[in-house]
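Residues per chain, in single letters:
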Amino acid sequence: MLCRLPIIVMFFVHFIITGICDAAIVGEIEIEGLHRIEENELLYMLGIEKGGQIDKEIVRNGIKRAFLKGIFEDISVLVTEGEFPGVNIHVREGDFIDRVRITGDPGLSGKRLKDMFMLKEGRLMRYDLTGKAASDLKEKIIYRGFPDPEVSVTIVRSDEPNLVDVVLKVDAGEPFTVRKVDIQLSPRAEEGMKGDIAGVMKVKAGDIFDQERVGKDLGRIRTFLKKKGYYAPSVGPYSYHEGILEIIVRPGRRMSFSMEGNSVISDKKLLGELPFFEIGDFNDELLDESVGKMISLYHSEGYPFAQIAPVIKSGDRNIDISFFVYEGERIRVRSVRIEGTSLPGERIKEVMSLKEGDVFNPGLIDEDKERLEDFYGALGYLNAEIEEIEENMDRKSQAVDLTVRIDEGEKTVISSVDITGEEPDLEPELLSLAGIRAGDPYNEVDIADARFRILEYYYDRGFANIDVTVLRERQNSSVAVTFEVGEGKKSRFGKTIIVGNKQTRYEVIKRELVHKEGETYSSRALMKDRQKLYRLGLFRDVEIETLDREGNTKDVLVKVEEGNPGAFEFGLGYAEYERFRGFAEVSYRNLWGMNRQGLLRAELSSLERRVILQYNEPWFLGRPLPFKSFFLFEDRREINIDDRSTRYRLERYAITAGVEKELTEKVRADFYYEFSLVRTSDVQPDVILSKEDTGSLAISSVRPALIYDTRDNPFDPHKGILAGVSMKVASLVLLSETDFAKIEIFGNNFHRLSKRFTLALSMRGGVAYNFGDTQELPLVERFFLGGRSTVRGYEQDSLGPKGEDGNPTGGNAFLLGNIELRTAVGRGLSLVPFADMGNVWVKTGELDPTDLKYTAGIGLRYKTPVGPLRVDYGFKLNREADESKGELHFSIGHAF
C-alpha cells in the first residue's frame, strides 16, 4: 500500500496535496528527472534526508523553496509505507536555450540579431513567448531599414536533456536605401552650416535607412550646434520618402560671452557657471542666477565687494553677453570676537568656517550661524540663538573684524535613562551600549544614535522584528529618557536557496556562507555573506534577501549573477635593461565550476623567454586552505648594460607547490615546496665562486613565510603596512644537490600626507648561509642589488662585490632602504622624488650598515589599469671615480 504525498507543482507554483501521512523516518530515496542541479541541493531544499522525518508540511515548504530556483515545471513526491518508508521524487525541469542559431538571409549580423531577440541563450525556454519574440524582432528589423522581413522560430531539442536550440530564420528582404540626405535649415541659419551638419552625421547616401542610426545622428547634430554656441537648437523631426531622408534643423540664436575687468579668476572658470547650454533656455532669472554664482566664486576667494554687470546685445541670429567685473579688494579675517558665551572662545572659533588669517567669504556667514546652532544643540542648549555675526570692515588695511553675539539660553540635560521591555539582566549591557547617561547634554542626534545601537544589538541576536520606541518626559531644564523595547520573537535561519549559478557549483557558494541553518538570525552575518561571495571574483552582482516561514524561521534567498571567468591579456613594453618586451596571458578562474583557477602566461624580451603555468585550488582537502602550484620555464641572460655583453646565462625548470593560510584579516602564513633544475652557462670567469656556478644543478627547497598586510590598495597603496619574513632552506635531506638557508625580512610603510601626497618607506634585508658540502651559495641564489626596483642610481644587479674583471658576483647578505614622496599632479601623472640606499656583501660576517651606497633622484609616473608607467633617474651620491653619475630606468609598477 502506498501513502501518497503527490505535490504536483505547475509553472505558476500551483500545487495539489492529496492524502496525509504522519511523520515518518525516511529510508531509501530515489530521484528521477533531475539534470541541472545536484541531488544533495534538491534534497536540502525539500528538507528530505535519509534517516530524517518527512511529513506534508516539510514537503510543502520544500517545494516552495525548490521552485525559487526557476528550473522546475513540476515536482511530485511519493512515500511508501513501512517502518522506514522510501521516498520517490520525480521532477520535470523546464527547457533551457543552449544556442540561438541564425539562418536565412538576415541582412544584419548574427550578434545584432541575437541582441535584438527576446529569447536569450542560457535562459529558460518560454514556449509561450515564441510568437511574441518573432513579431517583436520583425518590428525591430523594420525599424532598422528592412520594410518586409520574414521571421520564423523553430525549436530543436538538443542531445543533452532539457536543452533546446532556437533556430531563428530571418529573410530581411530588400532594404530602404538613402539616396540623398536633405537637411532643411531655418532661414536665419549661417551660410555653410548645411555642409558642417552633414559632416558630423554617420548616415550617408547609399546607406540603409536605419532609424536607430538616424536617431543617434540627431543627437550628434544637437551636440555640434551647442558646441558652436547655439543655446537651444531644435533638431528634427525627420522623414523618409522615395530614398530621400529629410531632417529639419532650426539652430536658433547663437550665444557668445565675454568677460572684462577680471584678473583674479579666469574667463573659463567664470563662464563655467553659465547654465544656458545645458538647460537650453535663456531668460533674466537664469542670467541673475549665473551672476550670483560668479560673485560667489569671488566671495570664496576673499573678494566681498566684487560686482558683475551683464550687458546684452540681442539680434536675429546672435545674443552677445558681456560681463563687466569689478573685483574690489581682497579681504582677510583679522580677528574673531565671541560674546555672550560661557564656553571658551577658542572652542567656538574651531567650529566656524571663517578663521582668523583666512580670506573673508561673506557666503559663510549664514553657514557659520547654522554650524554654531547645531554645535550648541549638541551640547544641550536647545534654544541657543546666534543673534548676529557683525562685520567691521577696514578696506584700507584689507581686513575685517568679526563679532559673534550668542544667546545661549538654558542648558537641557538628561535626568535619567531607562530601558523597559527587555530581559532584566540585559539592562546594564544595553545602557552601556546606548552610550548616554544622566547628566549628559540632551540632544536628538545622540538619542537617535542610541536607539540605532539598541536596534542593531537585537538584530544581531535574532530579533528581526524588534521595535524600540523613545519616550521623553521633560521637566524644566531636564529630560527623562526611556527606551521602550518590543523584542518580539527570536528568529532563526532556515534553508538557503541559491539562484542564478549556471557555471558555479552549488557547494562553492554554500561553503562561503557565514550563516548556518538553525543559528540565530543576524543581519551582520548576511552582510558578511555578500562580501565573501563578491571576494570570490566570480559574480557581477550578489543579492541576499530573507523569506519568512512559519515559526519565526527565515529562509535565505541568494541571487547571483555570474561574470565571465575567462580572460586574455597581452602587453608590450620597454625597459632600459630588457629593452622591448611583451607578454600574453590566458586565465580561467572557475575550472569545473569549483572556483579553481588556471593561468598560462608567456613572456618574451631581448634577454628572456619565460613560460608560467599556474593552478590554484581555493579549498584544499575540503578546508578553506588555498593550494597553489606553478610550473616555470625560463631562459634568460644577465648582461652588462654598458656593452650588452653576457655575464651569465640561466636556463631553469621549476615546480612549486604550497598552501597559504589567513591567520587573521591582516596576517597570512605561506608554506611552499620548490624543486628546480638549473643550468648555468656562459659565466664570466670572475663571477665563478664555486663548482655549482656552472653546469646543471638540482635545488630542492622549502619556503615558509609570514606576511602582515594592512594596505588600502595592494596595487597603489596610500596608507598601511606590508611587512614579513620569509625563509628558504635547501638540503640533501630534500634531495637537493646544494645546501643553504636564506632569510629575508621586509617592511613597507605608506602614509597619506594629503590628497596629493603619499610618503612611502621601505626597508629590506637578507642573509644566507651555506652548510654541508656546499662551499659557496650558488650563483642563482645569491643576492644582487641595483636597478629599477632597488638602488636606482646603479645598473641592474651591479651594486656590491665585483670579480677581477669588474663583473658583479652577488653575495650572501644585503641591506636596502627606499623612500619616496609620491606626488599626484593631475591627469594620471605623478612626480616622485626618491632616495635609495643599500649594498651587498659576499659573506654574512662582512655585513656593515655603515657601508652603504646612496642615490637620490626624481621619477615620473603615469597611471594605467595595469599599474603606473615609471621613468626614474637616480644620481649616485657617493660614487667612486670610475662610476657613472647616475642611471635612467623605465618600468611598470611601483618600485615597492
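Use the structure listed above.
Structure report, in brief. (Residues numbered from 1 in each chain as written. Predicted model: local features only at pLDDT ≥ 70, side-chain atom pairs only at ≥ 80, totals over all residues. Heavy atoms only, no water.)

1. Examining the pairing of strand E17 (residues 318-326)
It is a general feature of regular strands that their side chains alternate between the two faces of the sheet.
Next, step 1: Pairing between strand E15 (residues 254-260) and E17: 7 bridges, direction parallel. Within the sheet, the bridge partner assigned to glutamate 260 lies in E17 and is phenylalanine 324. (Pairing = 2+ DSSP bridges. Helix = DSSP H or I, 4+ residues; strand = E, 2+ residues; numbered from the N terminus.)

2. Describing the sheet that holds strand E10 (residues 150-157)
Next, step 1: Taken in spatial order, the 3 strands line up as E9-E11-E10 in an open sheet, and their pairing is mixed. Every interior strand has two partners, whereas the edge strands, strand E9 (96-105) and E10, have only one. For this sheet, the mean inter-axis angle between neighbouring strands, taken without regard to orientation, is 20 degrees.
Next, step 2: Here E10 runs beside strand E11 (residues 163-171); their pairing, made up of 8 bridges, is antiparallel. Paired with threonine 154 across the two strands is valine 167, which belongs to E11.
Next, step 3: Packing against the sheet, helix H4 (residues 130-143) makes contact with E10 and E11, and its axis sits at approximately 140 degrees to E10. (Axes fitted to C-alpha atoms, helices over the stretch in contact; angles between N-to-C directions. Contact = heavy atoms within 4.5 Å.)

3. Description of the pattern of salt bridges
Next, step 1: Under the definition given, this model contains 70 salt bridges.
Next, step 2: In this structure, the salt-bridge partner of aspartate 635 is arginine 609, at a minimum N-O distance of 2.8 Å. Within this pair, whereas aspartate 635 is found in strand E31 (residues 627-639), its partner arginine 609 is found in strand E30 (residues 608-617), the two being separated by 26 residues in sequence.
Next, step 3: Classification of arginine 609 by relative accessible area gives partly exposed; the value is 42%.
Next, step 4: Three or more residues joined by partner-sharing salt bridges are found here, namely Glu608, Arg610, Glu634, Arg636, Glu638, Arg647 and Arg652. (Salt bridge = Lys/Arg side-chain N within 4 Å of Asp/Glu carboxyl O. Buried < 20%, exposed > 50% of the residue type's maximum accessible area, 1.4 Å probe, protein only.)

4. Observations regarding the pairing of strand E25 (residues 539-549)
Next, step 1: Pairing analysis gives 10 bridges linking E25 to strand E26 (residues 553-562), with the strands arranged antiparallel. Across the sheet, valine 542 pairs through a bridge with valine 560, a residue of E26.
Next, step 2: As consecutive antiparallel partners, E25 and E26 are separated by 3 residues, and within that stretch glycine 551 has a phi angle of approximately 75 degrees, a positive value.

5. So, helix H9 (residues 284-300)
Next, step 1: Between the first and last C-alpha of H9 there are 24 Å, a value that for 17 residues agrees with the 24 Å anticipated at 1.5 Å per step.
Next, step 2: For H9, the set of buried residues is Leu286, Leu287, Ser290, Val291, Met294, Ile295, Leu297, Tyr298 and His299.
Next, step 3: Where H9 begins, the capping side chain belongs to asparagine 283, and its oxygen is found 3.1 Å from the backbone nitrogen of glutamate 285.
Next, step 4: A positive backbone phi angle near 95 degrees is found at glycine 302, which sits one or two residues after H9. (Expected span 1.5 Å × (residues − 1). Polar contact = N/O pair within 3.5 Å; in protein donor to acceptor, adjacent residues only side chain to side chain.)

6. Regarding the nonpolar core
Next, step 1: In terms of nonpolar packing, the biggest core is built from 45 residues, with Leu42, Ile48, Phe72, Val87, Ile89, Leu533 and Phe539 touching the most fellow members.
Next, step 2: At 5 residues, helix H1 (residues 39-46) tops the list of elements feeding residues into this core.
Next, step 3: Residues within four places of leucine 42 in sequence aside, it is in contact with Ile31, Leu34, Ile37, Ala66, Phe72, Ile89 and Val91.
Next, step 4: Membership of the second largest hydrophobic core comes to 25 residues, among which are Val333, Leu364, Leu379 and Val404. (Core = buried A, V, L, I, M, F, W, Y, C linked by side-chain atoms within 4.5 Å.)

7. A closer look at the environment of arginine 451
Next, step 1: Within the secondary structure, arginine 451 sits in helix H13 (residues 444-459).
Next, step 2: On the basis of relative accessible area, arginine 451 is assigned to the partly exposed category, the value being 30%.
Next, step 3: Along the sequence, arginine 451 and valine 485 sit 34 residues apart, while their C-alpha atoms lie 9.8 Å from each other.
Next, step 4: Not counting the four nearest positions on each side in its chain, arginine 451 is found in contact with Asp467, Val468, Val470 and Phe483.

8. Examining the side chain of serine 700
Next, step 1: Relative to the elements of secondary structure, serine 700 occurs in strand E34 (residues 695-709).
Next, step 2: A polar contact is formed between the side chain of serine 700 and the side chain of tyrosine 673, at a distance of 2.7 Å.
Next, step 3: With sequence-adjacent residues up to four places away left out, serine 700 is seen in contact with Tyr673, Glu674, Phe675, Val729, Ala730, Ser731, Leu734, Leu735 and Ser736.

9. A short note on the packing of helix H5 (residues 193-200) against helix H6 (residues 211-227)
Next, step 1: The contact between H5 and H6 brings their axes to 9 Å, and the two run at 130 degrees. Taken together, the axes of H5 and H6 lie oblique to each other. Crossing angle aside, the handedness with which H5 passes H6 is right-handed. Here Met193, Asp196, Ile197 and Val200 of H5 come into contact with H6, specifically with Asp217, Arg220, Ile221, Phe224 and Leu225.
Next, step 2: For the contact of H5 with H6, a count of residues per class yields 6 nonpolar, no polar and 3 charged. (Parallel < 35°, antiparallel > 145°, perpendicular 65-115°, else oblique. Left-handed = near helix turned anticlockwise from the far one by under 90°. Nonpolar A, V, L, I, M, F, W, Y, C, P; charged D, E, K, R; others polar.)

10. Re the packing of aromatic side chains
Next, step 1: Considering all chains together, one arrives at 20 aromatic pairs under this definition.
Next, step 2: Aromatic pair phenylalanine 633 and tyrosine 653: ring centres 5.0 Å apart, planes at 40 degrees, arrangement tilted. On the criterion of sequence distance, the pair formed by phenylalanine 633 in strand E31 and tyrosine 653 in strand E32 (residues 646-662) is long-range, its members being 20 residues apart.
Next, step 3: A residue is classified by how much of its surface remains accessible, and phenylalanine 633, at 16% relative accessible area, is buried.
Next, step 4: The class for tyrosine 653 is partly exposed, based on a relative accessible area of 39%.
Next, step 5: Of the aromatic side chains, those joined through ring pairs into one cluster are Tyr231, Phe257, Phe276, Phe282 and Phe323.
Next, step 6: One Lys or Arg, arginine 36, reaches over the ring of phenylalanine 96 and ends 3.8 Å from the middle of that ring.
Next, step 7: Cation over ring: arginine 601 sits above phenylalanine 583, and NZ or CZ is 4.2 Å from the ring centre. (Phe/Tyr/Trp six-rings, centres within 6.5 Å; stacked < 30°, edge-to-face > 60°. Lys NZ or Arg CZ within 6 Å of the ring centre and 35° of its normal.)

11. What about the sheet that holds E26?
Next, step 1: Strand order in the open sheet made by the 3 strands is E24-E26-E25, with mixed pairing throughout. Each of the sheet's edge strands pairs with one partner strand only, and the pair in question is strand E24 (492-499) and E25. Taken pair by pair, the neighbouring strands of this sheet meet at an average axis angle of 20 degrees, ignoring direction.
Next, step 2: Strands in contact with helix H15 (residues 523-535) are E24, E25 and E26; relative to E25, the strand with the most contacts, it is inclined by about 155 degrees.

12. Considerations on a negative patch on the surface
Next, step 1: Together, Asp366, Glu367, Glu370, Glu373, Asp374, Glu385, Glu387 and Asp407 make up a negatively charged patch on the protein surface.
Next, step 2: Elements supplying a minimum of two residues to the negative patch: helix H11 (364-378) and strand E19 (385-394).
Next, step 3: Per-element tally for the negative patch: the top contributor is H11, with 5 residues.
Next, step 4: Considering the arrangement of structural elements, one finds aspartate 407 in strand E20 (residues 399-407). (Patch = residues over 30% accessible without salt bridge, like charges linked within 9 Å, V, L, I, M, F, W, Y side chains within 5 Å. Areas by Shrake-Rupley, 256 points an atom, 1.4 Å probe, with all protein chains shown as cover. Lys, Arg positive; Asp, Glu negative; His and termini not counted. Charge placed at Lys NZ, Arg CZ, Asp CG, Glu CD.)

13. Examining a nonpolar patch on the surface
Next, step 1: A cluster of nonpolar side chains, namely Phe568, Phe570, Val586, Leu600, Val611, Leu613, Phe631, Tyr653, Ile655, Tyr673, Phe675 and Leu677, defines an oily patch on the protein surface of about 1,100 Å² accessible area.
Next, step 2: Elements represented by at least two residues in the nonpolar patch include exactly strand E27 (566-575), E30, E32 and strand E33 (667-681).
Next, step 3: The element contributing the most residues to the nonpolar patch is E33, with 3 residues.

14. Details of the environment of proline 237
Next, step 1: Considering the arrangement of structural elements, one finds proline 237 in strand E13 (residues 234-241).
Next, step 2: In sequence terms proline 237 and lysine 226 are 11 residues apart; their C-alpha atoms lie 18 Å from each other.

15. A closer look at H4
Next, step 1: End to end, H4 covers 20 Å across 14 residues, agreeing with the expected 20 Å (1.5 Å per residue, within 8%).
Next, step 2: Burial in H4 covers these residues: Ala133, Ala134, Asp136, Leu137 and Ile141. In an axial view of H4, the angular spread of the buried residues amounts to 165 degrees, which keeps them on one side of the axis.
Next, step 3: Buried residues belonging to H4 abut helix H3 (110-116), E10 and E11.
Next, step 4: Looking at the residues trailing H4, positive phi occurs at glycine 145, about 105 degrees. (Arc of directions from axis to C-beta.)

16. Things to note about the environment of arginine 332
Next, step 1: Structurally, the position occupied by arginine 332 is in strand E18 (residues 332-339).
Next, step 2: Owing to a relative accessible area of 38%, arginine 332 belongs among the partly exposed residues under this scheme.
Next, step 3: Taking the C-alpha atoms as reference points, arginine 332 and valine 359, 27 residues apart in sequence, are found 4.2 Å from one another.
Next, step 4: Not counting chain neighbours up to four residues away, the residues in contact with arginine 332 comprise Gly357, Asp358, Val359, Phe360, Gln398, Ala399 and Val400.
Next, step 5: In this structure the side chain of arginine 332 is engaged in a polar contact, spanning 2.9 Å, whose partner is the backbone oxygen of glycine 357.

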